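The chain contents come next:
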Amino acid sequence: MSSPNTPLDLTLDGGALTARLVDFPSVSGDEQALADAVEAALREYPHLTVDRYGNNVVARTNLGRDERVLLAGHLDTVPIADNLPSHVEGDLLYGCGTSDMKSGVAVQLRLAATLPEPNRDLTFVFYDCEEIEASRNGLGHLAAQRPDWLAADFAVLLEPSGAVVEGGCQGTLRVQVRLTGVRAHAARSWLGDNAIHHAAEVLGRLAAYEARLVEIDGLEYHEGLNAVRIDGGVAGNVIPDECVVTVNFRYAPDRDEAAAEAHVREVFAGFDVTVTDSAPGALPGLGQPAARAFLAATGGTARAKFGWTDVARFSALGVPAVNYGPGDPNLAHKREEHCSLRAIAEVEERLAAWLSA
């Protein structure tokens with residue numbers, strides 16, 4: 001495997017560079033050596049201005065173009081699962097991070113090295129700690145501390161999307177619906193009030209809930225409101241006096257966090273509702289000129305992103321963003337994680353054409 005002293009050679013093709021990155025372990029919280037290597041490699045190219053904040057590296061062109069496009073990817077991976085070093089079987093490159101998302105990072109690095117005079121000014125962002133708690137997310141730190149580094153007209157997050165454009169992302173809200181009762185001995189249940197039984201109405205409202213289908217920029221987002229956990233009970237001979245139903249709301253990006261919370265509280269009117277987690281969605285912004293050209297260059301089709309990604313951070317900064325990367329999202333975090341070498345080359349070729357036309 002690559003060592004901290006192994007330089008990155010950005011003249012390698014995308015597949016070979018992905019393998020080099022994969023063999024450079026960078027589990028969340030341990031990205032410094034890889035960030036050092038990325039920074040050193042990018043500083044070899046005089047057309048780039050390179051800055052660093054913590055283990056987050058940002059490289060930019062400054063050609064005075066009318067538009068600026070930002071391409072972003074995280075350097076970290078989930079813990080290694082006996083899937084290093086990388087190896088190739090036919091068209092497939094296997095190893096931790098091949099799909100999520102060192103193949104996307106390799107494409108970023110290749111474009112940074114090979115496009116000295118793009119048709120739009122470019123910003124390349126390489127950040128740490130995406131796979132763990134949001135408070136440590138490097139892109140979040142940049143948004144809070146160096147928002148000017150993230151200024152752009154359009155952003156592409158090279159998260160795994162199967163080489164298909166996925167527009168924006170859903171927002172997510174998690175709440176606890178708390179039911180109360182009166183504790184009693186189970187042999188004299190009439191002296192108590194069973195809190196778990198009160199959950200029946202909460203579950204009934206969920207079962208009857210009709211989720212919205214929302215079309216934005218030609219993409220259809222499917223909302224969902226679902227119970228994901230129930231906690232209650234004291235002992236096998238006790239009528240419980242408390243039950244908590246945890247509910248997750250995945251909502252279309254035409255709602256903001258406040259609207260999503262208001263909607264959930266309306267659904268559970270009359271109940272004690274506490275918000276425990278919230279993250280906004282992101283509009284796809286496919287009506288932007290750069291986005292229209294991007295979509296045409298990548299095949300002319302897009303689908304809605306089901307789930308939350310860091311494109312939401314760009315949306316919060318007023319930058320429309322999409323997900324587009326060579327990895328397969330269904331393989332992320334798996335022991336058998338792999339990526340198609342053909343997809344890596346295809347994504348690089350399409351992005352290079354879009355940024356050179």
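The shown structure was predicted, so the numbers you read here are calculated from the model rather than taken from an experiment.

About the thresholds
Residues numbered from 1 in each chain as written. Predicted model: local features only at pLDDT ≥ 70, side-chain atom pairs only at ≥ 80, totals over all residues. Heavy atoms only, no water. Pairing = 2+ DSSP bridges. Helix = DSSP H or I, 4+ residues; strand = E, 2+ residues; numbered from the N terminus. Axes fitted to C-alpha atoms, helices over the stretch in contact; angles between N-to-C directions. Contact = heavy atoms within 4.5 Å. Buried < 20%, exposed > 50% of the residue type's maximum accessible area, 1.4 Å probe, protein only. Core = buried A, V, L, I, M, F, W, Y, C linked by side-chain atoms within 4.5 Å. Parallel < 35°, antiparallel > 145°, perpendicular 65-115°, else oblique. Left-handed = near helix turned anticlockwise from the far one by under 90°. Nonpolar A, V, L, I, M, F, W, Y, C, P; charged D, E, K, R; others polar. Disulfide = S-S within 2.5 Å.

Participant: Looking at this model, I keep getting lost on the sheet that holds strand β16 (residues 272-279). Mind explaining?
Facilitator: Adjacent strands of a sheet form backbone hydrogen bonds with each other and so pair up, either parallel or antiparallel. Spatially, the four strands line up as an open sheet ordered β13-β15-β9-β16, and their pairing is antiparallel. Each edge of the sheet is formed by a strand with only one pairing partner; in this case those strands are β13 (224-232) and β16. The average angle at which neighbouring strand axes cross in this sheet is 20 degrees, direction not considered. Across ten bridges, strand β9 (residues 171-180) lies against strand β15 (residues 242-251) in antiparallel orientation. Across the sheet, residue Leu173 finds its bridge partner in β15, namely Phe249. Here helix α5 (residues 195-208) sits on the sheet and contacts β9, β13 and β15; the angle it forms with β15, its principal contact strand, is near 15 degrees.

Participant: Whenever I open this one, the pairing of β15 confuses me. Can you help?
Facilitator: The two faces of the sheet receive side chains in turn, since in a regular strand these alternate between them. Burial analysis of β15 places eight of its ten residues in the buried class, which makes it a mostly covered element. In this sheet, β15 lies alongside β13 in antiparallel orientation, the contact comprising eight bridges. In the sheet register, Gly224 faces β15, and the bridge partner there is Arg250.

Participant: What exactly am I supposed to notice about the nonpolar core here?
Facilitator: Among soluble globular proteins, nonpolar side chains are generally buried collectively. Within the largest apolar cluster, 55 residues are counted, with the highest numbers of intra-cluster contacts made by Leu42 and Leu351. No other element matches helix α3 (residues 98-114), which puts eight residues into this core. In this structure, Leu351 is in contact with Leu71, Val107, Leu111, Leu158, Phe294 and Tyr324, ignoring residues within four places of it in sequence. With 20 residues, the next largest nonpolar core counts Ala199, Tyr251, Val264 and Val273 among its residues.

Participant: I'm lost on the packing of α3 against helix α9 (residues 341-354) in this one. Help?
Facilitator: To characterise two packed helices, one gives the angle between the axes of the helices and the distance between these axes. Between α3 and α9, whose axes approach to 10 Å, the crossing angle comes to 40 degrees. Considered as vectors, α3 and α9 are oriented oblique to each other. In this structure, α3 crosses over α9, and the sense of that crossing is right-handed. Contact residues: Ser103, Val107, Arg110 and Leu111 in α3; Ile344, Val347, Glu348, Leu351 and Ala352 in α9. When grouped by side-chain class, the residues that make up the contact of α3 with α9 number six nonpolar, one polar and two charged.

Participant: So what exactly am I meant to see when it comes to the environment of Glu349 here?
Facilitator: Inspection of the secondary structure assignment puts Glu349 in helix α9. Looking at Glu349, the relative accessible area reads 58%, which means it is exposed. Residues Glu349 and Val107, spaced 242 residues apart in sequence, show a C-alpha to C-alpha distance of 9.2 Å.

Participant: Help me understand the side chain of His263, please; the structure alone is not making it clear to me.
Facilitator: By the element assignment, His263 lies in helix α6 (residues 257-267). When its relative accessible area of 17% is taken as the criterion, His263 is described as buried. Apart from the residues within four sequence positions on either side, His263 is in contact with Tyr209, Phe249 and Arg255.

Participant: So what exactly am I meant to see when it comes to unusual backbone geometry here?
Facilitator: Excluding glycine, residues mostly have negative phi values, and the peptide bonds linking residues are mostly trans. The linkage connecting Leu84 with the following residue, Pro85, adopts the cis geometry, with an omega of 0 degrees. Assignment of secondary structure puts Pro85 in the loop between β3 (68-74) and β4 (87-89). At Asp82, a residue that is not glycine, the phi angle is positive and equals roughly 55 degrees. Inspection of the secondary structure assignment puts Asp82 in the loop between β3 and β4. Relative accessible area serves as the criterion here: at 74%, Asp82 is assigned to the exposed category. One non-glycine residue, Asp217, lies in the positive phi region at around 55 degrees.

Participant: I tried to follow the state of the cysteines on my own but got confused; where do I start?
Facilitator: Every disulfide links exactly two cysteines, by a covalent bond between their sulfur atoms. If you walk through the whole model with that rule in mind, you get zero disulfides. The thiol of Cys339 is not disulfide-bonded; the next cysteine sulfur, from Cys96, is found 13 Å away. When its relative accessible area of 2% is taken as the criterion, Cys339 is described as buried.

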